Amino acid sequence: MSILVDTSIVLDVLLQRAAFIDSAKLVFKRVELGAVRALLCATTVTTLDYYLGHEFDRDTSRSALRQLLRLFDVAAVGRTVVDTALASGMADFEDAVLAHAAQASGATAIVTRNLRDFAASPVRAYTPEQWLALSPA
């Protein structure tokens, strides 16, 4: 089993978002324990750099990215993923790219807080709570 973790879940952990951090940290814990192969979309990595750059100095933000990349593989975004996302029925293009990168990388689930935008995703989306309940510890 492999999962692609949505950008918002990663930001919940890195920025310590109180309303969402508990379940996001449990997802990370499963990844750290090796219970699941986890991916970040390539676009997530650049988005994280942007957000972290507004919160921390460059060295701190890049260090955080390096730590993440020790835990997560990266789902590539190339021409095929972009073309497929453009042709998909998904309204939000950024989420469509993430969903089709997940599919191309063989992910079996997307972990996100935004189920509505992933309704037409080729890979089933789950909230952190849903995924945690379904996956073995």
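Just above sits the structure.
Given the structure is predicted, the values throughout are model-derived calculations rather than measurements.

> Please explain helix H1 (residues 7-14) as it appears in this structure.
Of all eight residues in H1, seven are buried, a share of seventy percent or more. Of the positions making up H1, those classed as buried are Thr7, Ser8, Ile9, Val10, Leu11, Asp12 and Val13. After H1 finishes, the residue Gln16 shows a positive phi value of roughly 55°.

> Mind showing me how you'd approach the packing of aromatic side chains here?
The geometry of an aromatic ring pair comes down to the distance between the two centres and the angle between the two planes. One pass over the structure, following the stated rule, counts two aromatic pairs. Here the aromatic rings of Phe28 and Phe72 are separated by 5.4 Å at their centres, their planes lie at 65°, and the arrangement is edge-to-face. Remark: Phe72 occurs in the loop between helix H4 (58-71) and strand E3 (73-75) and Phe28 occurs in helix H2 (residues 21-32); sequence separation between them is 44 residues. The two residues Phe28 and Phe72 agree in class, both being buried. Ring centres of Tyr50 and Tyr51 lie 5.5 Å apart, and the angle between their planes is 85°; this geometry places the pair in the edge-to-face category. The residue whose ring lies beneath Arg113 is Phe20, and the NZ or CZ to ring-centre distance is 3.7 Å.

> What should I look at first to understand the layout of surface pockets in this one?
Any space left empty among the atoms is revealed by the rolling of a water-sized probe across them. Size it by volume and the largest pocket reaches roughly 230 Å³. In this structure, the largest pocket is lined by 13 residues; those nearest its centre are Asp6, Thr7, Ser8, Glu94 and Asp95. When residues of the lining of the largest pocket are traced back to their parent elements, those giving at least two are H1, helix H3 (42-55) and helix H6 (93-105). Residue composition of the lining of the largest pocket, grouped by class: three nonpolar, four polar and six charged. Of the pockets and cavities examined, the second largest pocket occupies roughly 160 Å³.

> How should unusual backbone geometry be read in this particular structure?
Glycine aside, residues mostly have negative phi angles, and peptide bonds mostly take the trans form. Even without being a glycine, Gln16 presents a positive backbone phi close to 55°. With respect to the secondary-structure elements, Gln16 resides in the loop between H1 and H2. We classify Gln16 as exposed; its relative accessible area is 53%.

> What is the right way to read the side chain of Ser8 from this model?
Note that Ser8 resides in helix H1. Each residue touching Ser8, except ones within four places of it in the same chain, is listed here: Arg17, Thr112 and Arg113.

> I would appreciate a short explanation of the pairing of strand E1 (residues 2-5) in the present structure.
Both faces of the sheet carry side chains from a regular strand, because those side chains alternate between them. Burial of the side chains of E1 extends over both faces: Ser2 and Leu4 are buried on one face and Ile3 and Val5 on the other. Bridging between E1 and strand E4 (residues 109-111) involves three bridges; their strand directions are parallel. Each bridged residue has a counterpart across the sheet, and for Val5 the counterpart in E4 is Val111.

> Any chance you could explain the pattern of salt bridges here in plain terms?
Between side chains of opposite charge, a pair can form as their charged atoms come close. For the structure shown, the criterion picks out five salt bridges. Of the charged contacts, one joins Asp12 and Arg17 as a salt bridge, the two residues approaching to 3.1 Å between their closest N and O atoms. Classification of Asp12 as buried rests on a relative accessible area of 0%. When the shortest N-O distance is used, the salt bridge between Asp73 and Arg37 registers 3.1 Å. Of this pair, Asp73 sits in strand E3 while Arg37 is found in strand E2 (residues 37-41), placing the two residues 36 residues apart along the sequence. Bridged by salt links that share partners, the residues Asp12, Arg17 and Arg113 form one connected network.

Scoring rules and cut-offs
Residues numbered from 1 in each chain as written. Predicted model: local features only at pLDDT ≥ 70, side-chain atom pairs only at ≥ 80, totals over all residues. Heavy atoms only, no water. Buried < 20%, exposed > 50% of the residue type's maximum accessible area, 1.4 Å probe, protein only. Helix = DSSP H or I, 4+ residues; strand = E, 2+ residues; numbered from the N terminus. Phe/Tyr/Trp six-rings, centres within 6.5 Å; stacked < 30°, edge-to-face > 60°. Lys NZ or Arg CZ within 6 Å of the ring centre and 35° of its normal. 1 Å grid on protein atoms, 1.4 Å probe; cavity = no way out; pocket = protein on both sides within 12 Å on 5 of 7 lines; lining within 4 Å. Points joined across faces, edges and corners; volume = space filled by probe spheres on them. Nonpolar A, V, L, I, M, F, W, Y, C, P; charged D, E, K, R; others polar. Contact = heavy atoms within 4.5 Å. Pairing = 2+ DSSP bridges. Salt bridge = Lys/Arg side-chain N within 4 Å of Asp/Glu carboxyl O.

By themselves, these observations are geometric and do not establish any function.
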